[in-house]
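# Structural overview for review
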Amino acid sequence: MKAQFVTAALKSSRFNLCAVFVAVTFICASCAQPPEDEESTSSSRYLYVASGACYSGGGNTAFTNATSSNLVYRIDLATGIKDITVADYNSSPSQAGDSPVGIASIDSNNMYVLVENATAGARRIERVAKGSDGARSLFSNNTTALSVALRGLHLLTNGDLLINKNTAIEKISSANVRVTKGVNPYVNAPAAPCATSTTLMSKVSTLSNQFIVFLHAATSQNRFGFVKPEGYAAGGDCTPAQAAPNTAAFPVATAYDAVNSKLLVAYSGNTTNADINSIYAYNITETVSSVTVGAANKIYDANQYPTTYPYLLYGISEMVLDPTDNSLYIATAINTATTIVNYAIEKFSYDATQIGVSNSSVLTRSGSTPFYDYGGDTKCIADMMIAD
């Protein structure tokens, strides 16, 4: 009996030791930090970045397809730390000259990437997995729709895509069918008050009523305009339009605050004179069939740095608003050199209640350093989006 008791005790001790070993091993393994290119589960929401060729206003020289970082990656919103590189357009299966210039979230697992490439037939839209493997497949390489330099894309609520290229806005359905107005692109050479808008369509987006918002950047033709959701067929389909605050201020980015009906528009140019490198907030009134632009309030001007604004925004290339906590993310050049040396991403707290009351208080910088500082992966910042 005594021997049996000892044997049972030894077995029990060995079992407990094994359990402790397994538990310790599990704890140590869970403490290990995943390398950058392994998918992290630290946050369910990210700032996705396309660091392809971008536009920072007339007179500023940004990076080209050949000199851009040409990566798609995501940054953890909670930490400001790069989570993973989703796609690298510097290596296979990419083609020489590829540059990711637009991104849009399809669902929690996939996204679209718009790829600019001047080589004939190489411009395309890819479907890319958001995970670390970044599996990529061709969605569209419609050579008619994607015929000239591509600038960006916007995903509509029905799954169709708007693509802004230099000269027009194209629409491609979720089934990869080009949607035209007659024989023309979906928005092509709109008449007054939107004329002339055929040089550089820098951005495209939509309002809550699905009216199309476009930015057009060209000397003495700097404006934003609104087109009916059905596209542009006749003069009345594009109205209203709003000229830039200065003929040398080129519209480069928008963010729409749907809760307060404010359209934020960023302008860039090659001086720090008043209104050139600035951000305006425009009052918007939407109905099912119309858009009206009301009062405009300037909420940033590089001309007033550092006296009024203790931070520099110059050569902005993109911005995106997170409506869940009213954070505004802005991609900006790191100094005022007209040959831009790099970009950083700044984060601001956005307070719409101060618009028209204390405009210099609308944006408050979150911290004393950029949310995501410049480096080898921030040349340029062509597009950003917030998604899971």
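Here the structure is a predicted model, which is why all the values come from computation and not from measurement. (Residues numbered from 1 in each chain as written. Predicted model: local features only at pLDDT ≥ 70, side-chain atom pairs only at ≥ 80, totals over all residues. Heavy atoms only, no water.)

## Points about the state of the cysteines
When the sulfur atoms of two cysteines share a covalent bond, that bond is a disulfide. By the definition in use, this model includes one disulfide. One disulfide in the model links Cys194 with Cys238; its S-S distance is 1.9 Å. Because the sign of the S-S torsion sets the handedness, a value of about -90° for the bond joining Cys194 and Cys238 places this disulfide among the left-handed ones. Taken as a pair, Cys194 in the loop between β12 (187–188) and β13 (201–206) and Cys238 in strand β16 (residues 238–243) lie far apart in primary sequence, 44 residues in all. (Disulfide = S-S within 2.5 Å. Helix = DSSP H or I, 4+ residues; strand = E, 2+ residues; numbered from the N terminus.)

## Observations concerning the packing of aromatic side chains
Scanning all chains against the criterion turns up 13 aromatic pairs. Here the aromatic rings of Phe224 and Phe226 are separated by 5.8 Å at their centres, their planes lie at 85°, and the arrangement is edge-to-face. Look at Phe224 and you get buried, because its relative accessible area is 0%. An aromatic cluster of at least three residues, connected via ring pairs, comprises Phe224, Phe226, Tyr267, Tyr280 and Tyr282. When the ring centre of Tyr89 is taken as origin, the NZ or CZ atom of Arg136, which lies over that ring, is 4.1 Å away. (Phe/Tyr/Trp six-rings, centres within 6.5 Å; stacked < 30°, edge-to-face > 60°. Buried < 20%, exposed > 50% of the residue type's maximum accessible area, 1.4 Å probe, protein only. Lys NZ or Arg CZ within 6 Å of the ring centre and 35° of its normal.)

## Quick notes on the pattern of salt bridges
Going through the model one piece at a time under the given rule, you end up with 16 salt bridges. For Asp237, the salt bridge goes to Lys228, with nearest N and O atoms at 3.9 Å. Under the relative-accessibility criterion, Lys228 is labelled partly exposed at 29%. Here Asp275 and Lys298 are joined by a salt bridge, their closest N and O atoms 2.9 Å apart. Of this pair, Asp275 sits in the loop between β18 (262–268) and β19 (278–286) while Lys298 sits in strand β20 (residues 291–301); the two residues are 23 residues apart in sequence, bridging distant segments of the chain. For Asp275, a relative accessible area of 15% puts it in the buried group. Given a relative accessible area of 21%, Lys298 falls into the partly exposed group. Sharing partners across several salt bridges, the network here consists of Asp98, Arg124, Glu126 and Arg136. (Salt bridge = Lys/Arg side-chain N within 4 Å of Asp/Glu carboxyl O.)

## A few points about the environment of Ser147
As for its position among the elements, Ser147 is in the loop between β7 (136–140) and β8 (150–155). Accessibility expressed as a relative area gives 36% for Ser147, which makes it partly exposed. Residues Ser147 and Arg124, spaced 23 residues apart in sequence, show a C-alpha to C-alpha distance of 9.9 Å. Setting aside residues no more than four positions away along its own chain, Ser147 makes contact with Arg123 and Lys165. (Contact = heavy atoms within 4.5 Å.)

## Quick look at the sheet that holds strand β24 (residues 363–365)
Backbone-to-backbone hydrogen bonds pair the strands of a sheet. The strands run either parallel or antiparallel. Taken together, the four strands give an open sheet; going across it, the order is β21-β22-β23-β24, and neighbouring strands pair in antiparallel fashion. Edge positions in the sheet fall to β21 (314–322) and β24, since each of these pairs with one other strand and no more. In this sheet, adjacent strand axes meet at a mean angle of 35° when their direction is disregarded. By the bridge criterion, six bridges tie β21 to strand β22 (residues 327–333) in an arrangement that is antiparallel. If you follow Val320 over to β22, its bridge partner there is Tyr329. (Pairing = 2+ DSSP bridges. Axes fitted to C-alpha atoms, helices over the stretch in contact; angles between N-to-C directions.)

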